[in-house]
Amino acid sequence: RTTVKPEAFPKRGNWTLEQLKLAFYLYCQIPFGKLHQGNPRIIELAKLIGRTRSAVAMKLVNFASLDPSITGTGRKGLGNASVLDREVWDEFHADWERLAVECEQLRQYGLLEHKLKPEQLRDVGDHFALDDFTGETRRALVEQRVKQSFFRRAVLASYRGRCCISGVSDTRLLVASHIVPWRDDKANRLNPSNGLCLSAIHDKAFDSYLFSLTDDTRVVLSKRLRVTKDTFLKDVFWPIEGRVIELPERFGPQPGFLQRHRETMLRNEA
């Protein structure tokens, strides 16, 4: 469990490591176009860590200056990211799971200290009652929900809350789909670059290796889909073959992950 130092959230002077971690944690979960001081989540974080809302918004835009998905499209952050900003960026990319849990613990500590109402952790399809569990089992379930919530929010924010194939934007029908399955790559379970925002039907088909993506993110159908006689599947999937997916604002799918998924699909067809 994370031990929070009393001086973790100073109101003046240099930002602490704890403040920066929470800022980057939030950066991952807000669409790029909403990194402004009027955003309610930025206002909440400002209260929590003792900084002004404008300072928090500026810090998030500083992180954007380190993000190749942002700078690669000609957009820029403020360009004055600190050495510690870069360390936080690198630390997250080295261990997404540990940092996600640590940041949620820091956030809950700040909420209690400032007597702010904690936000309920919830995900689509996750309605079980944690009160039914105790001790280590309950703690493990809470951590699991923290991780799933972070991954979902980061992926949906990156894709602007739209399925990257169909354009569906109803969050009840959207899934943060892993490219390399959760069970197969612990180090990248929470890496947003290992995620795609898909509608429920596209997620199920992708997870079942009925289609994959090329390294340049074009849709490749499996042999099973190409020869299907199912009219619905023909109508949904045949028109998208060869189509480039709608790319995210941040955390674009890494070619290495796409290659692993594609090779698994091809092995299943052999």
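Residues numbered from 1 in each chain as written. Predicted model: local features only at pLDDT ≥ 70, side-chain atom pairs only at ≥ 80, totals over all residues. Heavy atoms only, no water.

Following the sequence through the fold, Asn 14 ends up in the segment before helix H1 (17-27). The contacts of Asn 14, once residues within four sequence positions are left out, are Gln 19 and Arg 51. (Helix = DSSP H or I, 4+ residues; strand = E, 2+ residues; numbered from the N terminus. Contact = heavy atoms within 4.5 Å.)

Between its terminal C-alpha atoms helix H11 (residues 255-269) stretches 21 Å, which fits the 21 Å expected from 15 residues at 1.5 Å a residue. Among the residues of H11, Phe 257, Leu 258, His 261, Arg 262, Thr 264, Met 265 and Glu 269 are the ones counted as buried. Buried residues along H11 cover an arc of 155 degrees about the axis, so they all sit on one side. Packed against the buried residues of H11 are helix H8 (200-207), strand S3 (211-213), strand S4 (219-221) and helix H9 (223-226). (Expected span 1.5 Å × (residues − 1). Buried < 20%, exposed > 50% of the residue type's maximum accessible area, 1.4 Å probe, protein only. Arc of directions from axis to C-beta.)

Position of Asn 188 among the secondary structure elements: in the loop between strand S1 (174-178) and strand S2 (195-199). Asn 188 gets classed as buried once you look at its relative accessible area, which sits at 15%. Here Asn 191 takes part through its side chain, which lies 3.0 Å from a polar atom of the side chain of Asn 188. Not counting residues within four places of it along the chain, the set of residues in contact with Asn 188 comprises Asn 194 and Phe 257. (Polar contact = N/O pair within 3.5 Å; in protein donor to acceptor, adjacent residues only side chain to side chain.)

When two helices pack together, their arrangement is given by the angle between the helix axes and the distance between those axes. Between helix H2 (residues 40-49) and helix H3 (residues 53-64), the least distance of the axes is 8 Å, while the angle of their chain directions is 110 degrees. By the angle class used here, H2 and H3 are roughly perpendicular. In the crossing of H2 with H3, the sense of the turn from one axis to the other is right-handed. In this structure, H2 uses Ile 42, Ile 43, Leu 45, Ala 46 and Ile 49 to contact H3, whose residues at the interface are Arg 53, Val 56, Ala 57 and Leu 60. (Axes fitted to C-alpha atoms, helices over the stretch in contact; angles between N-to-C directions. Parallel < 35°, antiparallel > 145°, perpendicular 65-115°, else oblique. Left-handed = near helix turned anticlockwise from the far one by under 90°.)

Across the five residues of S2, five count as buried, placing the element largely inside the fold. The two faces of S2 match: Gly 195, Cys 197 and Ser 199 on one face and Leu 196 and Leu 198 on the other face are all buried.

It is worth spelling out unusual backbone geometry at this point. Within the chain, Arg 160 stands out as a residue other than glycine whose phi angle is a positive 60 degrees. A positive phi angle, near 50 degrees, is found at Phe 251, a position not held by glycine. Among the secondary structure elements, Phe 251 is positioned in the loop between helix H10 (231-237) and H11.

On to H2, then. Buried within H2 are the following residues: Ile 42, Ile 43, Leu 45, Ala 46, Leu 48 and Ile 49. By the N-cap criterion, in which a side-chain oxygen at the helix start approaches the backbone nitrogen of a residue two or three places on, H2 is capped by Asn 39, the distance to Arg 41 being 2.9 Å.

Turning our attention to the pairing of S1. Burial analysis of S1 places four of its five residues in the buried class, the great majority of the element. Here five bridges tie S1 to S2, and the two strands are oriented antiparallel to one another. Residue pairing for S2: Ala 176 is matched across the bridge by Cys 197. (Pairing = 2+ DSSP bridges.)

Turning to the side chain of Lys 59, a few remarks are in order. With respect to the helices and strands, Lys 59 occurs in helix H3. With relative accessibility at 10%, the residue Lys 59 sits in the buried group.

Looking now at the packing of H1 against helix H5 (residues 83-94). Here H1 crosses H5 at 60 degrees, and the two axes come no closer than 10 Å. As summarised for this structure, H1 and H5 are arranged oblique, according to the angle between their axes. Read as a crossing pair, H1 and H5 show a hand that is right-handed. In this structure, H1 contributes Leu 17, Leu 20, Lys 21, Phe 24, Tyr 25 and Tyr 27 to the contact, and H5 contributes Leu 84, Asp 85, Val 88, Trp 89, Glu 91, Phe 92 and His 93.

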